[in-house]
Amino acid sequence: MKTKAVRLYGKEDLRLEEFELPPMQEDEILARVISDSICMSTYKAAEQGADHKRVPNDVAEHPTIVGHEFCGEIVEVGAKWKDQFRPGQKFAIQPALNYKGSLDAPGYSYQYIGGDATYIIIPHEVMEMGCLLPYESDSFFGGSLTEPLSCVIGTFHAMYHTTRGSYDHVMGIREGGNMAILAGVGPMGLAAIDYIIHCDRRPGFLVVTDIDDARLARAQQLLSPEEAKKNGVTLVYKNTRTGDTVAELRALTGGKGYDDVLCFAPVAAVVEQADAILGEDGCLNFFAGPQDPKFSAMFNFYNVHYASTHVVGTSGGNTSDMVEALEMIGKGKLDPSILVTHIGGLNCVIESVLNLPKIPGGKKLIYTGIDMPLTAIADFAELGKSDPMFAQLAQLVAKTNGLWNAEAEAYLLKTLMK
């Protein structure tokens, strides 16, 4: 069977090609990819080529398919897996396989599996590691976004506190405590807010900061203090562009400080601000992944010694985090559409990946079976003045407050899918 895919050959060398897949083996699964969301990690892999820790040294001779946040349908199941999977079944994939300790992952390391492709062969190790996850939904895009959502979920699970008088660590945030999410109204920050006000372990008070009034207003519209209050969380949005930010944030807690602080910007000043507002036994979670390997910031070690403050960080989620994301999406507790700001086809992947840091907004969602330039959802209405397809898409997303949705996806695929 032929597939069309974007393959990595080396540094900034991505090529959209059509080629023949090898025959499927009895311990493999043939699948059709429907959607893939582009991750900054793919940009990093494209920039670094074989120097990337997940990209094979011989990638120039054996190019790999890029894209690791994907969802699709199973086409054919090898004999080994017929009792577990079936044709027509929707799936999502946890790319961090950790198979026999290897860093190899779909979207970085494999010739025949990756998200930016029309058809793929799923190798045996994906199933053996429990990383092929059934996905039940009326859309595909939610399955693509379970991987980035799992990163958010994992970061909350990684936080911890200590038990007074002992060295025991209690994993997770302090339930009913004070939490701050700094620089937190970008797409991943919104996902973090959505998760923490709807999961089963919540803070009592949550402040979310940014320096842009429009972004803060949009966040408040999507995830309102009223919605948070229904779940027992007092939610406050605050612009920290001016004023004595540390004093003002601490004042919101009566001077006590915060039990849990998440930093969503790789900016030294924001990290230091996060450190300064920690309360006793406070946990600082550095979520934002910097590109500079020498990135650093000041940290108050007096408080580390006398107030038991501490720092954690995570890079990605694990399979259980993805399962939790899938379950919460299925129950309507988590809305993956919050992450998506752009839609495009397989033809725009190369340009989008190589220019990703320069493209504003959140997740760029790719439908691999269509050709479509990368288009901001916010531009649908204007484009609709001359294009009936965009006019219809604008009407469909208007139903969900400007967010991508299952109805818009179905219409797009019906209109453009080959």
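Predicted model, so just to flag it, every value in this text is computed and none were measured. (Residues numbered from 1 in each chain as written. Predicted model: local features only at pLDDT ≥ 70, side-chain atom pairs only at ≥ 80, totals over all residues. Heavy atoms only, no water.)

A.B. asks: Can you lay out the packing of aromatic side chains for me, pointing to particular residues and giving the numbers?
C.D. replies: Summed over the entire model, instances satisfying the criterion amount to 10 aromatic pairs. Arranged with centres 5.7 Å apart and planes meeting at 10 degrees, the rings of Phe286 and Phe295 form a pair that is stacked. An aromatic cluster is present here, built from Tyr367, Phe380, Phe390 and Trp404 joined pairwise through their rings. The ring of Phe19 has Arg7 sitting right over it, with the charged end atom 3.9 Å from the ring centre. Arg15 extends its terminal NZ or CZ atom over the ring of Tyr9, reaching a point 3.7 Å from the ring centre. (Phe/Tyr/Trp six-rings, centres within 6.5 Å; stacked < 30°, edge-to-face > 60°. Lys NZ or Arg CZ within 6 Å of the ring centre and 35° of its normal.)

A.B. asks: Any chance you could break down the packing of helix α14 (residues 388-398) against helix α15 (residues 406-416) for me, citing the residues and the numbers?
C.D. replies: Where α14 contacts α15, the axes come no closer than 9 Å and their chain directions differ by 165 degrees. Relative to α15, the element α14 is oriented roughly antiparallel. The two elements α14 and α15 meet at a crossing, and its hand is right-handed. In this structure, α14 contributes Pro388, Met389, Gln392, Leu393, Leu396 and Val397 to the contact, and α15 contributes Glu407, Ala408, Tyr411, Leu412, Thr415 and Leu416. For the contact of α14 with α15, the class distribution of residues is nine nonpolar, two polar and one charged. (Axes fitted to C-alpha atoms, helices over the stretch in contact; angles between N-to-C directions. Helix = DSSP H or I, 4+ residues; strand = E, 2+ residues; numbered from the N terminus. Parallel < 35°, antiparallel > 145°, perpendicular 65-115°, else oblique. Left-handed = near helix turned anticlockwise from the far one by under 90°. Contact = heavy atoms within 4.5 Å. Nonpolar A, V, L, I, M, F, W, Y, C, P; charged D, E, K, R; others polar.)

A.B. asks: Help me get a handle on the environment of Asn231, residues and values and all.
C.D. replies: One can find Asn231 in the loop between α7 (225-230) and β13 (234-239). Of the residues examined, Asn231 reaches a relative accessible area of 22% and is grouped as partly exposed. Through-space distance from the C-alpha of Asn231 to that of Asp200 is 9.5 Å; in sequence the pair is 31 residues apart. Apart from the residues lying within four places of it in its own chain, the contact partners of Asn231 are Ile197, His198 and Arg202. (Buried < 20%, exposed > 50% of the residue type's maximum accessible area, 1.4 Å probe, protein only.)

A.B. asks: Describe the layout of surface pockets, with residues and values.
C.D. replies: Over the atoms rolls a probe the size of a water molecule, and in doing so it shows where empty space is left. A volume near 490 Å³ is recorded for the second largest pocket. Forming the walls of the second largest pocket are 22 residues, and the residues nearest its centre are Arg218, Val340, Thr341, Gly361 and Gly362. Elements with a contribution of two residues or more to the lining of the second largest pocket: α5 (187-198), α6 (213-222) and β17 (340-345). Among the elements that line the lining of the second largest pocket, the one with the most residues is α6, at five residues. By residue class, the composition of the lining of the second largest pocket is 14 nonpolar, six polar and two charged. (1 Å grid on protein atoms, 1.4 Å probe; cavity = no way out; pocket = protein on both sides within 12 Å on 5 of 7 lines; lining within 4 Å. Points joined across faces, edges and corners; volume = space filled by probe spheres on them.)

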